[in-house]
Amino acid sequence: MNNTYNSTDMILTNASSLQSLTNKNILVTGVTGVIGINLVNRLVELGSNVTSLSRKHKSYVPSVVRQLVMDLRDYDSVCKAISKNFDFVFLCDGKILQV
């Protein structure tokens, strides 16, 4: 028996109020990561109005997603971006590591 689960699928299929995300304005950070991009894809499927925030434009983000390009370490820019009329903000970004 395989008990392996995709954490994003578990969160987004077990939530009782998924339909409440339909037609909502949602900001997602961390779309370059596994959780962030899966969340974006699922929100698009649900009919959410999704905006992503990342350091670079990403070609693999669905075309219906509005992409904001900025450095998340720029406090003023981020505050300005999230002060827009978003119903939900999902912070899926992580620490930037330099190797």
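Rules used throughout
Throughout this document, residue positions are counted from 1 along each chain, in the order its sequence is written. Predicted model: local features are reported for residues with pLDDT of at least 70 only, side-chain atom pairs are reported and counted for 80 or more only, and whole-chain, interface and lining totals are derived from all residues. Note that water and hydrogens are dropped before the side-chain values are worked out from all heavy atoms of the structure. A run of DSSP states H or I qualifies as a helix once it reaches four residues; a run of E qualifies as a strand once it reaches two. Both are numbered from the N-terminal end. By the convention used here, residues are in contact when the closest approach between their heavy atoms is within 4.5 Å. Definition used for salt bridges: Asp or Glu carboxyl oxygen within 4 Å of a side-chain nitrogen of Lys or Arg. Throughout this description, buried means an accessible area under 20% of the type-specific maximum (1.4 Å probe, protein chains only), exposed means over 50%, and partly exposed covers the range between.

Engineer: What am I meant to see in the side chain of S52 here?
Structural biologist: Within the secondary structure, S52 is located in strand β2 (residues 49–54). The residues contacting S52, other than those within four sequence positions of it, are L27, V28, V31, V65, R66, Q67 and L68.

Engineer: Help me understand the pattern of salt bridges, please; the structure alone is not making it clear to me.
Structural biologist: Side chains bearing opposite charge may pair, as long as their charged atoms lie close to each other. Scanning the model with the defined rule gives two salt bridges in all. A salt bridge links E45 to R42, with the shortest nitrogen-to-oxygen separation between them at 3.4 Å. Of this pair, E45 and R42 are both found in helix α2 (residues 34–46), three residues apart, which corresponds to roughly one turn of the helix. Note on E45: relative accessible area 61%, which makes it exposed. A residue is classified by how much of its surface remains accessible, and R42, at 24% relative accessible area, is partly exposed.

It is worth stressing that arrangement in space is one thing and function is another; only the former is reported here.
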